[in-house]
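If you want the building blocks of each chain, they are given just below.
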Amino acid sequence: DKILASPNLVNIDLLVAKSDGALLMGTSRLPSHSINLAHYAFFKQALKNNNGIGFDTWSDKQTYLTASAYEDSTTNAMLQWVLLAREKKSVVMHPFWQQIETTILLASAILLLLIAIIYRIVSKSTQPLEELSEAAQAIYSGNTQAKIPLFNKQDEVGILSRSLNTLVDFLQREIKQKTAYAQQ
């Protein structure tokens with residue numbers, strides 16, 4: 001039923017040929033009614049297997065999806081016909097390529113969303129380390145009044161911030177004591 005899925009059969013050419021390949025009748029869009037179909041693979045396949053389907057380039061240099069069925073009358077040799085339906089490959093493949101395009105766009109959007117989420121998570125998790133690094137750099141540069149941010153977390157960042165705070169407090173007390181001692 002759904003071999004050639006054009007709505008209302010608008011884009012489909014219907015043909016009837018004799019078993020020798022001679023065209024008996026077809027739609028008006030055919031380039032010539034003198035076409036012989038015997039050399040086409042879909043025609044040979046229909047004669048061999050009673051049906052066939054495949055993409056073939058016809059005499060008009062267009063590629064079509066062609067479905068064929070062989071009707072063999074055992075009582076009347078005149079009724080040995082091959083029924084064909086063909087539709088341009090571009091028409092048949094259009095929904096497929098639309099689906100591929102939609103899938104690629106959707107996958108790209110999801111990928112961009114995931115990148116944004118990962119960036120937010122990573123930047124949020126590294127922000128405390130950046131703050132600690134900036135404070136340590138300020139102290140190293142001579143700003144002895146710089147405050148180390150205190151993170152009351154139970155993870156490595158929390159432990160590091162408490163340790164740096166303890167170290168800075170200790171160093172500031174030592175500097176005050178040595179300064180007071182030097183001024184005496």
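Here, the structure is the one placed above.
Summary of the structure given here. Worth saying up front: this structure is predicted, and the values here are computed from it rather than measured. (Residues numbered from 1 in each chain as written. Predicted model: local features only at pLDDT ≥ 70, side-chain atom pairs only at ≥ 80, totals over all residues. Heavy atoms only, no water.)

Attention now moves to the overall build of the protein chain. The secondary structure content of the protein chain amounts to 3 helices and 5 strands. In sequence order, the protein chain lays out its α and β elements as β-β-α-β-β-β-α-α. The C-alpha atoms of the protein chain give a radius of gyration of 40 Å, which is well past the 16 Å a tight globule of 184 residues would have. With respect to the principal axes defined by its C-alpha atoms, the protein chain has extents near 130 × 30 × 30 Å. A separation threshold of at least 6 residues defines the contact pool for the protein chain, and within that pool the share at least 24 residues apart is 37%. (Helix = DSSP H or I, 4+ residues; strand = E, 2+ residues; numbered from the N terminus. Rg over C-alpha atoms; globule rule 2.2 N^0.38 Å. Contact = heavy atoms within 4.5 Å.)

Attention shifts here to the sheet that holds strand 1 (residues 12–18). Strand order in the open sheet formed by 5 strands is 2-1-5-4-3, with antiparallel pairing between adjacent strands. Because the sheet does not close on itself, it has two edges, and the strands there are strand 2 (23–26) and strand 3 (51–57). Sheet twist, expressed as the average angle between the axes of neighbouring strands with direction ignored, equals 25°. Here strand 4 (residues 63–71) runs beside strand 5 (residues 81–88); their pairing, made up of 8 bridges, is antiparallel. What sits directly across from E71, in strand 5, is W81. Sitting on the sheet, helix 1 (residues 41–49) touches strand 1, strand 3, strand 4 and strand 5, and the angle it makes with strand 3 is about 170°. Against the sheet, helix 2 (residues 89–140) engages strand 3, strand 4 and strand 5, with an angle of about 60° to strand 5. (Pairing = 2+ DSSP bridges. Axes fitted to C-alpha atoms, helices over the stretch in contact; angles between N-to-C directions.)

For the rest of this paragraph, the subject is the nonpolar core. By size, the foremost hydrophobic cluster in this structure holds 14 residues, and its most contacted members are L37, Y40, F42, F43, W58, V82 and L84. Elements with a minimum of two residues in this core: strand 1, helix 1, strand 4 and strand 5. With 6 residues, the next largest nonpolar core counts L132, A135, I148 and V168 among its residues. (Core = buried A, V, L, I, M, F, W, Y, C linked by side-chain atoms within 4.5 Å. Buried < 20%, exposed > 50% of the residue type's maximum accessible area, 1.4 Å probe, protein only.)

This paragraph deals with the pairing of strand 3. Burial along strand 3 is one-sided: the residues G52, G54 and D56 are buried and none of N51, I53, F55 and T57 is. Pairing analysis gives 7 bridges linking strand 3 to strand 4, with the strands arranged antiparallel. Residue G54 lies in a different strand from strand 4, and its bridge partner there is T66. In this structure, the hairpin formed by strand 3 and strand 4 is closed by a connection of 5 residues, where K61 is found at a positive phi of approximately 70°.

What follows deals with the packing of aromatic side chains. Between two aromatic rings, the relevant description is the distance of the centres plus the angle of the planes. If you walk through the whole model with that rule in mind, you get 5 aromatic pairs. Between the aromatic rings of Y40 and F42, the centroid separation amounts to 5.2 Å while the plane-to-plane angle is 15°, which identifies the pairing as stacked. Note on F42 and W58: the rings are 5.4 Å apart at their centroids and 15° apart in plane angle, and the pair reads as stacked. Separated by 16 residues along the polypeptide, F42 in helix 1 and W58 in the loop between strand 3 and strand 4 bring together distant segments of the chain. This pair shows no difference in class: F42 is buried, exactly as W58 is. Site record: aromatic cluster; members linked through ring pairs are Y40, F42, W58 and Y64. The ring of W58 is capped by R86, whose NZ or CZ atom sits 4.4 Å from the centre of that ring. (Phe/Tyr/Trp six-rings, centres within 6.5 Å; stacked < 30°, edge-to-face > 60°. Lys NZ or Arg CZ within 6 Å of the ring centre and 35° of its normal.)

A separate point is the environment of Q45. Residue placement: Q45 occurs in helix 1. Given a relative accessible area of 31%, Q45 falls into the partly exposed group. When the C-alpha atoms of Q45 and Y70 are compared, they prove to be 9.3 Å apart, with 25 residues separating the residues in sequence. Not counting chain neighbours up to four residues away, the residues in contact with Q45 comprise N50, N51, G52 and I53.

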